[in-house]
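Okay, here's what each chain looks like letter by letter:
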Amino acid sequence: MSTTHDLPRQMDVDLSKGLSADEVLQRQQQFGFNELPEKKTNPILKFLGYLWGPIPWMIEIAAILSALVQHWPDFWIILAMLLFNASVGFWQEYTAGNAVEALKKQLALKARVLRDGSWHFIDANQLVPGDVLRIRLGDIIPADVKLLEGDYLTVDQSALTGESLPVTKEPGDDAFSGTVAKQGEMVAQVTSTGRNTQFGQTAGLVEQATSVSHFQKAVLSIGDYLIYVSLALVALLVIVQLFRHADWLELVQFSLILTVASIPVAMPAVLSMTMALGAMVLSKRKAIVTRLESIEEMASMDILCSDKTGTLTQNKLTLGEITTFTAPDRQSLLENAALASRAEDRDAIDEAILKGLQNSALPEKYQQVRFIPFDPVRKRTEATIQRQDGALCQVTKGAPQVIMGLCQLGDSQQQRAQQTVEQFAEQGYRALGVAHKNEHDDHWEFDGILSMFDPPREDSATTIASAREHGVDVKMVTGDNVAIGKQIAVQLGLGSKILPAEYLPEKTDDPQDRTGLTTIEQADGFAQVFPEHKFNIVKGLQIGGHVVGMTGDGVNDAPALKQADVGIAVSGATDAARAAADLVLTAPGLSVIINAIEEARRIFERMNSYAIYRISETIRIMFFVVLTMLVFNFYPITAVIIILLAFLNDVPIMSIAYDHTPLAQKPVRWDMQRVITVATAMGIVGVVGSFGMLLLAKEWLHLSVPQIQTYVFLKMAVAGHLVLFVARARGHFWKRPFPAPIMIWASVTTQTVSTLLAAFGFGLLTPISWWDIGLIWSYSIASAFVTDVVKVHVYRHLERNAPRHRGFLQRLKQPLHPHFQ
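Residues numbered from 1 in each chain as written. Predicted model: local features only at pLDDT ≥ 70, side-chain atom pairs only at ≥ 80, totals over all residues. Heavy atoms only, no water.

Colleague: Would you take a moment to explain the overall build of the chain for this structure?
Modeller: If you tally the helices and strands in the chain, you get 28 helices and 23 strands. When burial is assessed residue by residue, the chain has 53% of its 821 residues classed as buried. Pairs at least 24 residues apart make up 73% of the contacts formed inside the chain by residues separated by at least 6 positions. Of the roughly 36,700 Å² of accessible surface on the chain, 56% is carried by carbon and sulfur atoms. (Helix = DSSP H or I, 4+ residues; strand = E, 2+ residues; numbered from the N terminus. Buried < 20%, exposed > 50% of the residue type's maximum accessible area, 1.4 Å probe, protein only. Contact = heavy atoms within 4.5 Å. Areas by Shrake-Rupley, 256 points an atom, 1.4 Å probe, with all protein chains shown as cover.)

Colleague: How do you make sense of the pattern of salt bridges when you look at a structure like this?
Modeller: Close approach of charged atoms allows side chains of opposite charge to pair. Under the criterion given, the structure shown has 20 salt bridges. The salt bridge partner of Glu599 is Arg606, with a shortest N-O separation of 3.7 Å. Across the pair, Arg606 and Glu599 agree in class, each one buried. Of the charged contacts, one joins Glu617 and Arg620 as a salt bridge, the two residues approaching to 2.7 Å between their closest N and O atoms. In this pair, Glu617 and Arg620 are both assigned in helix α22 (residues 591-632), three residues apart and thus about one turn of the helix distant. Taking the relative accessible area as the measure of exposure, Glu617 reaches 3% and is therefore buried. By relative accessible area, Arg620 is classed as buried at 2%. Several salt bridges share partner residues, and in doing so they unite Arg134, Arg136, Glu185 and Arg342 into one network. (Salt bridge = Lys/Arg side-chain N within 4 Å of Asp/Glu carboxyl O.)

Colleague: Explain the packing of aromatic side chains here, please?
Modeller: Two aromatic rings, taken as a pair, are described by how far apart their centres are and by the angle between their planes. In total, this model carries 10 aromatic pairs according to the counting rule given. Between Phe325 and Phe446, the ring centres sit 5.0 Å apart and the planes meet at 80°, which makes this aromatic pair edge-to-face. One end of the pair, Phe325, is in the loop between β12 (318-324) and α12 (330-339); the other, Phe446, is in strand β17 (residues 445-453), and 121 residues separate them in sequence. In this structure Phe446 comes out as buried when scored by relative accessible area, which is 3%. For the ring pair Phe624 and Phe691, a centre distance of 5.3 Å and an interplane angle of 80° mean the geometry is edge-to-face. Pair noted here: Phe624 is in helix α22 and Phe691 is in helix α24 (residues 672-700), with a separation of 67 residues, a long-range link. Given a relative accessible area of 18%, Phe691 falls into the buried group. (Phe/Tyr/Trp six-rings, centres within 6.5 Å; stacked < 30°, edge-to-face > 60°.)

Colleague: Before we go on, may I ask you to explain the sheet that holds strand β5 (residues 153-156) in this structure?
Modeller: Hydrogen bonding along the main chain pairs the strands of a sheet, whether they run parallel or antiparallel. Spatially, the three strands line up as an open sheet ordered β6-β5-β8, and their pairing is antiparallel. Because the sheet does not close on itself, it has two edges, and the strands there are β6 (167-169) and β8 (180-184). Geometrically, the sheet is characterised by an average inter-axis angle of 35° between neighbouring strands, direction not taken into account. (Pairing = 2+ DSSP bridges. Axes fitted to C-alpha atoms, helices over the stretch in contact; angles between N-to-C directions.)

Colleague: I'm lost on the pairing of strand β18 (residues 473-477) in this one. Help?
Modeller: Within a regular strand, side chains alternate between the sheet's two faces. For β18, the tally of buried residues reaches four of five residues, placing the bulk of the element in the interior. Relative to β18, strand β11 (residues 303-307) is paired through five bridges, and the arrangement is parallel. In the strand pairing of β18, Leu304 is matched with Val474. With two bridges connecting them, β18 and strand β20 (residues 525-527) associate as parallel partners. For Val477, the partnering residue across the bridge sits in β20 and is Phe526.

Colleague: Explanation requested: the nonpolar core in the structure shown.
Modeller: Here is a general trend for soluble globular proteins: nonpolar side chains tend to be buried in one another's company. Ranked by internal contacts, the top residues of the largest apolar core, which has 126 residues, are Phe254, Leu258, Leu583, Ile593, Ile612, Val625 and Phe713. The element that contributes the greatest number of residues to this core is α22, accounting for 21 residues. Look past the residues within four positions of Phe254 in its chain and what remains in contact with it is Leu237, Val625, Met629, Tyr635, Ile637, Thr638, Ala639 and Ile642. (Core = buried A, V, L, I, M, F, W, Y, C linked by side-chain atoms within 4.5 Å.)

Below, the structure is given as structure tokens:
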């Protein structure tokens, strides 16, 4: 593999044509792909990692104790459990890892590259040294480059150098891979790729740190709670049994296995697999999750601040009315606007202007010698044009207020221009000012004003109505003026309360300042917004207790996208916006976001069901086993039975990630009290039911201890799986939506295995008759119905006593902001 020492001769490239296909292939073979080699862990070492840690140690000690007392069947079963747990954990991590890897590939950086005389969009990993690039506002620079043409490029190098302020680059300067173009536009040539870049040499493979979501923290705290309860009960059992002079070796082995079975070992794997598979479903719906933990925030989101252009509207501008000022005619005005455009940038405004020209191509007598692209600060483009006679002139187009200020209009002209802009805005048209200046002129001439119309998307109104049905309030955020924003908002059914950015409170970080928060909450949208306003809107709503989503597409939207609970990069967003977002849309419009919200709520319900099931099962097994031994002084189940139950429970649990769940019509948030209350109630019913089965077998049927143990095994296996179906819904479990087929078949398979084990024993259990098996099945099914009835009553009790959510009504009662009155 060649290095940068070979580069001087590689830089000899025709900059007007770029590299040819043959040259690209040759350099790829020489320099490799433009990517950093990813360090992958050996799969065997990863698998062995599941045999090391506190939980595997407990199982391994239990296996060693079985070998010491020469209980070889126990030894082999315990060993099988160890390998099975390791295999399940490895497979779930592997599945989740593959899903995340597939998502990353869909978010691969793109680059504008000149090859064989024309510009192309390609994957950035296909770049080679010598390639000619165009770097624009919002691009993440994909390789180390030498800047060649253009006025300037302002670059954010904080990811590489830690500098807090952007650095201005000029032709001849170097720019580095991984930095972000904040302003300007330049042509550059690639000097280094992959591991030879400055980023590759200094940072290596940098992995993004991931934060733990509220839901994960809650579920993991449940795990800790279950561990403490299990250890306390096991410690009580050991103390009492040692006082009774029980065989300590057998007691220690049993206690270890019981502890392992009670601790939610699979919880992290189940969570990550559920979220990863859900993220894959979202990607098929044109929404790519960049941070798995954001799925929970998406399910909880109650306010969505949406861009207007391209999200609520089609972003397909059409030329409307034209008002000339100093321009001699309509065509001259359009010609100057077209000269201040660049066709290859494929900007929506530029394309609309070029389509409006009578001749699609500009006359050959004009040559663009310099171009300054639009940026959010200057709010205009500018070009230097050379005529056929060699004379130079400058043309510019942009926000009318900016162009009018540039031209220093007189009072009457200023008033006429302002009225024109307002008239266009009342019709929902965007206005665009155009001006020019000849080589020796001191001031700009105001040519006139173009109007453009961006029609609403056909699905926007119905999508907004659907969002409100889902409990999500949509607020429009636009840089256009109030009149345009109000016109579009009314068409879409958003409302007419559009707040100019100047009315936003300066500070939004004071929880006591209800006036500022109420102002933001009452608005249906915000107009004349700059990127810093977006950040303040999000911050203010969050302080008010809302879970906020924010859409964006530009580099300056990145702070607001980062601050939002769910940052959403819309279709066509810049690299910088996509990197800052939690969700990247690959199709235009809001309907994709609604699909994402629905899927996120389903994923949330799956994890919620798992948490309830896991708590209730631990209560049922631990309390029943420990209380039975304390009261009756015999093992209701053996260590082998505990292992078999763990085996049989793992398979249906893994299918939770694929389950059909009801769709919540309102945002869902983690409610620890409700989960623990419902799970505890279900667990207590399970303990009572298990004691009933035990008394039935012991006192009525007068069975031997080994037969009682088989009774208890089958009852726990059957009832445990039925509890999984009970836990998955808040209503009665026999109502829609029905479980996923994979969940049903997983349960049928494991129940068949447990029934055959009870009937034939296979040297692991004492066989019981088919009459006994029928009795146990009937008892377990009846117990499931009782558990379901208790669960539904507990939910209804909690809902009746829950505090009423009057926030929305309270906001309506607040006095309106003066701007809305």
